[in-house]
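Understanding the architecture of this molecule
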Amino acid sequence: MMNSRRIFTTLILVLTIIDASLGFDYKEAVDKSLLFFEAQRSGKLPWNQRVKWRGDSGLYDGYQQKVNLVGGYYDAGDHVKFGLPMAYSVTMLSWGAIEYGRSMMDVNQMGHVLNAIKWGTDYFIKAHSQPNVLWGQVGDGDSDHYCWERAEDMSTPRTAYKLDPEHPGSDLAGETAAAMAAAAIAFRPYNSSYSDLLLVHAKQLFWFADRFRGLFTNSIPSAKEFYTSSGYSDELLWAATWLHRATKDASYLKYVVDNAASMGGTGWAVKEFSWDNKYAGVQILLSKVLMDGDGGSYTATLKQYQAKANYFACACHQKNEGYNALLTPGGLLYLHEWNNMQYAASAAFLLAVYSDYLSAAKSVLKCPDANVQPQELLLFAKSQADYILGKNPKSMSYIVGYGQTYPIHVHHRGASIASIFVLHLVVGCVQGFDAWYRRPQANPNIIHGGLVGGPDKNDKFDDDRSNYEQTEPTMSGTAPLVGLFSKLHSMNPNHAAGPTPTKAQPNTCKFRQTKVLYFY
Ligand SMILES: *[C@@H]1O[C@H](CO)[C@@H](O)[C@H](O)[C@H]1NC(C)=O
């Protein structure tokens, strides 16, 4: 008995090793990518903070403006709290939790995912201080970028900027509404009163965004240089689509149908899905409504939405009659020179979700060049994730801290300067450039889980701190990967059949031991 048990254990271990050598460890990738959100935290850090080189920061954000804006996330390698990419990141984290929660439970990460979402939504609750007021940014890009210092030493102005009826911002308010609605769905099984609270904010924010129309960069010009939004119609449709999913209230579906043409929802055929452009996301979410048979009298318009969803998926999958998204020779989607990888990451997430929707409907993706099985679409999404994790011409991982080789000169203020718990002296604004930014050595802190900007159109990557286009990690790039890696983990045959998930609470998620090594 003992012997056969031991042989069985060894067999399982060997199988696990073989499997690991054939593919990537997506479980570790999920775990790592969630650490990035802890490293980006602004405000008072909680007792269970796992990224130990970070300390409290931004504790007076909003003080001058007499509003409590402590908390939220720093955007990337800097310390500005930009509302638009932060809200988009929370939407993406929430969408991942909605679709792939079971897999997240299976790898003991659901509690961390909910905490990552809540760090954003708790901040948005503060920032949405009145029904028609949304504080949309803390910190100023120019003055912040003039300094190279740790968040804990911050000496730059923490100016806060708001939207109100005289200073509208339908894109920013719309995305924040979408984030709150998506988070409300993600939280519903775990804390229904928090979910209800998020929904109240989502509805008010949508109303505010829709009623007072305008581009947020006209109201917050300081964001223009960094996050110019190309329009707000997509965010209005996006917010309404998420509110429909969260509430099942048909008036939101009516909104996206009534405005389908005027807001470009059924007009725009796009190849990009990002913090700026949500059309493909709207089109794919509405395809699900159609395929679920919930279209009713709106079926005709929803079919038009799905035609554009198909355009996006076919273009990414290179089956779109030549109107395809560009790929690098190594196979990575290539959309922008600056921080391209975030666009590949968000597209891959979206394709994985669409593949699942098509599968559930027993449907196929109809492309001009071929009919594509959902499984093929998923494999394309996987190819993007695998490129990111190391299956690329440089054989390096673009997730910091994952695998053997990854960027070590990451363009990130906190990661590149010794921790305040190691170096107690203040590192001044300009001093940071001389003492830390220009050092040839690797960063003293590994910013685990951050997705950097990644290689150029020829798969070339220069691991240099001054090469911010390639070496800066972002929230919006990393957020969709949490869901994508969770999905890919669940496809792994050794892990596919997990036990039924139990309820998780943020902070108190029960941790099961790694199944294979301990349970057999
Ligand atoms: C659920 O959310 C409410 C409202 O935000 C909060 O007061 C409460 O502590 C949460 N409950 C748990 C168990 O986390």
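Bear in mind that the values here come from a model prediction, so they are computed numbers and not experimental data.

**Some thoughts on the overall build of the chain**
Broken down by element type, the chain carries 19 helices and five strands. Here the C-alpha radius of gyration of the chain, 22 Å, is about what a compact globule of 520 residues would show, namely 24 Å. Based on the C-alpha atoms only, the size of the chain along its principal axes is roughly 65 × 60 × 45 Å. Buried positions account for 61% of the 520 residues belonging to the chain. Considering only contacts in the chain between residues 6 or more positions apart, those separated by 24 or more positions represent 74%. On the chain, roughly 20,500 Å² of surface is accessible, and the fraction owed to carbon and sulfur atoms is 56%. Averaging the locations of the 47 positively and 47 negatively charged side chains of the chain gives two centres separated by 8 Å.

**Comments concerning the pattern of salt bridges**
This structure, assessed with the given rule, holds 18 salt bridges. Salt-bridge contacts for E152 lead to R54; the nearest nitrogen and oxygen are separated by 2.7 Å. With a gap of 98 residues between them, E152 in the loop between α5 (141-146) and β3 (160-163) and R54 in the loop between α2 (26-39) and β1 (81-82) connect regions that are remote in the sequence. A relative accessible area of 5% places R54 in the buried class. Here E99 ties to R245 by a salt bridge, and the two come within 3.1 Å at their closest N and O atoms. One end of the pair, E99, is in helix α3 (residues 83-106); the other, R245, is in helix α9 (residues 233-247), with 146 residues separating them in the sequence. According to the relative accessible area criterion, R245 is buried, its value standing at 17%. Because the salt bridges share partners, they merge into one network encompassing D31, E38 and R50.

**Some points on helix α7 (residues 192-211)**
Look at α7: 28 Å from first C-alpha to last across 20 residues, which is about the 28 Å you get at 1.5 Å a residue. The complete set of buried residues in α7 reads Y194, S195, L198, L199, H201, A202, L205, F206, F208 and A209. Against the buried residues of α7 lie α4 (110-127), β2 (134-138), β3, α6 (170-187), α9 and α10 (250-258).

**Considering the state of the cysteines**
Per the stated rule, a full pass over the model turns up two disulfides. Here C314 connects covalently by a disulfide to C367, the sulfurs 2.1 Å from one another. Disulfide C314 to C367: torsion about the S-S bond roughly -90°, handedness left-handed. Taken together, the residues span a long stretch of sequence, with C314 in helix α12 (residues 299-316) and C367 in the loop between β4 (365-366) and β5 (371-372) at a distance of 53 residues. Since its relative accessible area comes to 1%, C314 is described here as buried. Owing to a relative accessible area of 9%, C367 belongs among the buried residues under this scheme. Here the disulfide map of the chain reads 1-4, 2-3, the bonded cysteines being numbered as they appear in the sequence.

**Examining the sheet that holds β1**
Spatially, three strands are ordered β1-β2-β3 in an open sheet, and the strand pairing comes out antiparallel. What marks the edges here is a single partner per strand, and that holds for β1 and β3. Relative to β2, β1 runs antiparallel, the two being bridged by two bridges. Counterpart to F82 in the pairing with β2 is Q137.

**Section: the layout of surface pockets**
The space that makes up the largest pocket amounts to roughly 580 Å³. H145, F226, W338, Y468 and E472 are the residues nearest the centre of the largest pocket, which is lined by 26 residues in total. Put simply, the parts of the chain that give the lining of the largest pocket at least two residues each are α13 (341-360) and α16 (431-437). In the lining of the largest pocket, the residues fall into eleven nonpolar, seven polar and eight charged.

**Topic: α4**
Over its 18 residues, α4 extends 26 Å from the first C-alpha to the last, a length consistent with the 26 Å expected when each residue adds 1.5 Å. In terms of burial, α4 is a largely internal element, 14 of the 18 residues being buried.

**Regarding the packing of aromatic side chains**
Applying the stated rule across the entire model yields 26 aromatic pairs. Their ring planes at 25° and their centres at 6.3 Å tell us that W268 and Y279 sit as a pair that is stacked. A residue pair is termed long-range when its members are at least 10 positions apart, and W268 in the loop between α10 and α11 (279-291) and Y279 in helix α11 qualify at eleven residues. Assessed through its relative accessible area of 8%, Y279 is described here as buried. Taken together, the aromatic side chains of Y88, W95, Y100, W238, W242, F273 and F349 make up a single cluster linked through ring pairs. Taking the ring centre of W119 as reference, the NZ or CZ of R41 above it sits at 4.4 Å. Note that K118 overlies the ring of Y194, its terminal NZ or CZ placed 5.1 Å from the centroid.

**Concerning the packing of α2 against α4**
Here α2 crosses α4 at 30°, and the two axes come no closer than 10 Å. The hand of the α2/α4 crossing is left-handed. Residues L34, F37 and E38 of α2 pack against H112, V113 and A116 of α4. Broken down by class, the residue content of the contact of α2 with α4 amounts to four nonpolar, one polar and one charged.

Analysis parameters
Residues numbered from 1 in each chain as written. Predicted model: local features only at pLDDT ≥ 70, side-chain atom pairs only at ≥ 80, totals over all residues. Heavy atoms only, no water. Helix = DSSP H or I, 4+ residues; strand = E, 2+ residues; numbered from the N terminus. Rg over C-alpha atoms; globule rule 2.2 N^0.38 Å. Buried < 20%, exposed > 50% of the residue type's maximum accessible area, 1.4 Å probe, protein only. Contact = heavy atoms within 4.5 Å. Areas by Shrake-Rupley, 256 points an atom, 1.4 Å probe, with all protein chains shown as cover. Lys, Arg positive; Asp, Glu negative; His and termini not counted. Charge placed at Lys NZ, Arg CZ, Asp CG, Glu CD. Salt bridge = Lys/Arg side-chain N within 4 Å of Asp/Glu carboxyl O. Expected span 1.5 Å × (residues − 1). Disulfide = S-S within 2.5 Å. Pairing = 2+ DSSP bridges. 1 Å grid on protein atoms, 1.4 Å probe; cavity = no way out; pocket = protein on both sides within 12 Å on 5 of 7 lines; lining within 4 Å. Points joined across faces, edges and corners; volume = space filled by probe spheres on them. Nonpolar A, V, L, I, M, F, W, Y, C, P; charged D, E, K, R; others polar. Phe/Tyr/Trp six-rings, centres within 6.5 Å; stacked < 30°, edge-to-face > 60°. Lys NZ or Arg CZ within 6 Å of the ring centre and 35° of its normal. Axes fitted to C-alpha atoms, helices over the stretch in contact; angles between N-to-C directions. Left-handed = near helix turned anticlockwise from the far one by under 90°.

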